[in-house]
Amino acid sequence: MKKAGILFLSLLLIGVISLKAQTTRLPYEQIMDNDERPDTKALVTQVTSMYAFAWDAYKRCAWGYDDVRPISRTSHNWYSRSLLMTPIDALDGMILMGLTKQKEEAEKLIFDRLKFDVDMEVQNFEVSIRVLGGLLSAYELEKDHRFLDMAKDLGDRLIKSFDSPTGMPYRYVNLATGKTRGEISNPAEIGTYIIEYGILSRHTGDPKYFDIAKRAMMNLYSRRSPIGLIGSSINVETGEWTSTSSHISGGIDSFYEYALKASILFNDAELHEMWQSSLEGINKFMKDTRFNGTWYGHVDMNDGQIKKTAYGSLDAFFAASLAMAGDIETARELQESNFKMWMTFGIEPEQLDYSTMKPIYPSYELRPENFESAYYLYQYTHDKRYLKMGDLMFRNLIQYCMDEVGFCALADVTTKEKKDEMESFFFAETLKYAFLLFDEGRTFNFNEVIFNTEAHPYKRSAH
Ligand code: DMJ
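Residues numbered from 1 in each chain as written. Predicted model: local features only at pLDDT ≥ 70, side-chain atom pairs only at ≥ 80, totals over all residues. Heavy atoms only, no water.

## Comments concerning the packing of helix α7 (residues 145–158) against helix α9 (residues 194–204)
In plain terms, the rule: Comment: axis = line fitted to C-alpha atoms, over the contacting stretch for helices; angle = value between 0 and 180 degrees taken between N-to-C directions. Here a helix means four or more residues in a row that DSSP labels H or I, a strand means two or more in a row labelled E, and each is numbered from the N terminus. The cut-offs work like this: below 35 degrees is roughly parallel, past 145 is roughly antiparallel, 65 to 115 is roughly perpendicular, and the gaps in between are oblique. The sense of a crossing depends on the near helix, which, turned anticlockwise from the far helix by less than a right angle, makes the crossing left-handed and, turned clockwise, makes it right-handed. Here, two residues are considered to be in contact whenever any of their heavy atoms come within 4.5 Å of each other. Residue polarity follows a fixed list, in which Ala, Val, Leu, Ile, Met, Phe, Trp, Tyr, Cys and Pro are nonpolar, Asp, Glu, Lys and Arg are charged, and the others, Gly among them, are polar.
Their axes nearest at 11 Å, the elements α7 and α9 cross at an angle of 125°. Regarding the angle of α7 to α9, the classification is oblique. Note that α7 runs across α9; the crossing there is left-handed. Seen from α7, the contacting residues are Leu148, Ala151, Lys152, Gly155 and Leu158; seen from α9, they are Tyr197, Leu200, His203 and Thr204. Broken down by class, the residue content of the contact of α7 with α9 amounts to five nonpolar, three polar and one charged.

## Let's talk about unusual backbone geometry
Trans peptide bonds make up the majority, and among non-glycine residues the majority have a negative phi. Even without being glycine, lysine 143 reaches a positive phi, approximately 60°. Following the sequence through the fold, lysine 143 ends up in the loop between α6 (124–142) and α7. Located in the positive-phi region is lysine 416, a residue other than glycine, with phi close to 65°.

## Some remarks on the site of the ligand
So the rule is basically this: The nearness test applies per residue and asks whether one of its heavy atoms lies within 4 Å of the molecule or strand. Pairs of N or O atoms are called polar contacts if they sit within 3.5 Å, as long as, within protein, a hydrogen donor faces a hydrogen acceptor (for residues adjacent in sequence, only side-chain-to-side-chain pairs). Only the protein chains shown count as cover for residues, with accessible areas throughout obtained via the Shrake-Rupley method and a probe of 1.4 Å.
If you check the shell around the ligand, you find Ile129, Arg130, Leu314, Arg367, Pro368, Glu369, Phe425, Glu429, Thr453 and Glu454 and nothing else. The contact in question runs from an oxygen atom of the ligand to an N or O atom on the side chain of arginine 367, over 2.8 Å. Threonine 453 is positioned such that a nitrogen or oxygen atom in its side chain is 2.7 Å from an oxygen atom of the ligand. The protein chains hide 92% of the 290 Å² of surface that the ligand would expose on its own.

All quantities given are derived from atomic positions and should not be read as evidence of function.
Here it is as structure tokens:
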């Protein structure tokens, strides 16, 4: 009798505890756990209309400039003359989404106004991934030779940045004079050219672009530490590292991304080896499972010790790379952390201390990487969990970042205070990856393309 009483009480207690656990599940966790499937056709329509809405903001407030400032309803140029960053970055998205009127507006602007024979210094990396990258994907999608002519003109100006003693490019180059500046650079700004340059080589028949971009990557990689890691800052004249901090975050991220993607796109064994051995070092030293999930921290390139438990919105790309490389299990684990980073605040911070889950840098720059990784994982697994992640994140974008005119970055994800900024990658990547995720392959075949780091797609096959 006594025993039966204890058993009854224990069962009751277990029942109460599990009921409590169920009821304390956060609303988003309940959505993730239920069996429902997001209405992806409706989401595609919604993303497309948000794209048109954001383009309208550019048209009304910043026509002909690089970017729109959505709160002040003003415009912004990166340099003394506009390079039409937003129209170029937005163009292939308009083509994919069937926004024909907007596509024609952007194209007309580009053909009427874009020129590169201008005496101004530009940041090699940013102009390459956005402008060169955008022109080349527009050429592949539209087959209009004017895009390729412009890409070649730009490529021939940017390539002068590689004229350094080590073959690693300077950060800045003058488009008219070819004068370079900025010998202290970083792996991302040294090793994120081979996709654009390789595609330019493919379409012009001149191998020099691919060769010069690959040489820069190899020359950087040859300076890795004995344990196979690279630092975050290096002098391109002397080849000396100026920072030995090693991570997958901004400043290094797309070097790894390009080693992997270019090895596939150009079937290149040396780049494959570069990716494989880099991945071994990353997983051995940076992967950190001590704090409720899988994260990648910041280590020193020489001893591999974790120095900073930091991970951020830029790092979220790595789940996509892992999935593409075939490690679906780690990719899934990392995407759970990416999603946790987002949902902890309702939108992700620029950088997080994953040991405390407190923001280090609290802004949100309208970045795409979390959507990108959800898209890749959905393509590789067809697990609706990733559609649900995308659905929840997209709702947050509308809730917190949408303004009367366009979308805004956030100064602080904890207060949701807005910033007067809408970078061109919001079109090129954030909304495009959301669209492609919800498209579920209905109109666009993931397996036929490789995306550059700004989400401009190129055909895998040369034919
Ligand atoms: C983009 O310009 C590119 O994805 C780059 O590789 C990293 N930063 C932004 C988006 O966050």
